[in-house]
Amino acid sequence: MSHAWMPASPCGDGCVGSAPRTAGGVRQLWRAVTALTALLCGVGIVLALLLPRAQRETVVRLWFHALLRAFGVRLEVHGARRFQEVPQRGVLVASNHVSWLDELAIDAVQPIRIVAKKDIKGWPVLGRIITAAGTVYLDRERLRELPRTVAELAATLRAGSAVGIHAEGTTWCGLASGRYRPALFQAALDAGVPVRPIVLRYRVDGHVSTQPAFIGSDTLVDSIRRVLRVRGLTVEVHVLDEIAPGRAENRRQLAKLAQEQSNRLTSTELEVARSTGDTHRVPAVSPLVA
């Protein structure tokens, strides 16, 4: 099996430190109940898919935003307020991957079609909603499915949709990151659309946090419990400049351009983490090279 198709992250249980501040038992219970209620209400969101595009996006975006807040997570957007610079023109949104919260944060900025691993389809309630939103599922264990997936993405991009990919191909802890895998960038080249790099960063009291990470031996329930316990958690969505069609001759060059743009932000943050002594959660590998 190709390593490029099934990337592995060195991030593990040791990458997740203790939370600087934790919510009390009553607050954790309240968050759990509120989040469950918001999830159940999300079943009705499927009806919003029948609305005209602008109204549909507004309803879905507000629901994802409410779901984040139910889990006790604040959203901050840095840069453009939308991923599409030109309405009705497709764009490939390439992000890093830290947590199951990533999809919620992205769709709270602008609802888009996400390329996600097949496991998400089976998640209770949320899996059904994400599927209804037009998610393209990726089976990393079946290499022969890759050309079909790329062709499906290219057709969606040509139709004017924004499509999101987690360019590293797997989750990392948030302080460290992996190499962007080029395979799915081919869809942007085939469709002749720009790539929009974004960086997701989780912070507690202004410091980068690995608490929401979904790595190592974590189950989804383990990660959700950790998020429910943490106080002051913020997810930042940094929307970077578009990479115009024609700037890269092939998918490897395009993936490299997207990663270089993202690394300008992440490398600065790592230097800050090291200068403050907050390095115990960084894996013993280069954070910018897979």
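The text that follows walks through the structure, step by step, so that each part is easy to find. (Residues numbered from 1 in each chain as written. Predicted model: local features only at pLDDT ≥ 70, side-chain atom pairs only at ≥ 80, totals over all residues. Heavy atoms only, no water.)

With respect to the nonpolar core
Formed by 53 residues in total, the largest nonpolar core has its most connected members in Leu 68, Phe 71, Leu 75, Phe 83, Leu 101 and Val 237. Once you skip the residues sitting within four places of it in the chain, Phe 83 turns out to touch Val 91, Val 93, Ile 106, Val 109, Gln 110, Ile 112, Arg 196, Ile 198, Val 237, Val 239 and Glu 242. Counting 27 residues, the second largest nonpolar core, distinct from the first, contains Ala 94, Val 136, Leu 184 and Val 193. (Core = buried A, V, L, I, M, F, W, Y, C linked by side-chain atoms within 4.5 Å. Buried < 20%, exposed > 50% of the residue type's maximum accessible area, 1.4 Å probe, protein only. Contact = heavy atoms within 4.5 Å.)

Thoughts on the packing of helix α1 (residues 25-41) against helix α2 (residues 53-70)
Packing of α1 against α2 leaves a shortest axis separation of 8 Å and a crossing angle of 160 degrees. Taken together, the axis directions place α1 and α2 in an arrangement best described as roughly antiparallel. Our pair here, α1 against α2, has a crossing hand that is left-handed. Across from Arg 31, Thr 34, Ala 35, Ala 38, Leu 39 and Cys 41 in α1, the residues of α2 making contact are Trp 63, Leu 67 and Ala 70. (Axes fitted to C-alpha atoms, helices over the stretch in contact; angles between N-to-C directions. Helix = DSSP H or I, 4+ residues; strand = E, 2+ residues; numbered from the N terminus. Parallel < 35°, antiparallel > 145°, perpendicular 65-115°, else oblique. Left-handed = near helix turned anticlockwise from the far one by under 90°.)

Focus on the side chain of Asp 218
Within the element layout of this structure, Asp 218 appears in the loop between β7 (207-208) and α7 (220-229). On the basis of relative accessibility, which here comes to 18%, the residue Asp 218 falls in the buried class. A polar side-chain atom of Asp 218 sits 2.9 Å from a polar atom in the side chain of Arg 226. In contact with Asp 218, other than residues within four places in its own chain, are Asp 13, Ala 213 and Arg 226. (Polar contact = N/O pair within 3.5 Å; in protein donor to acceptor, adjacent residues only side chain to side chain.)

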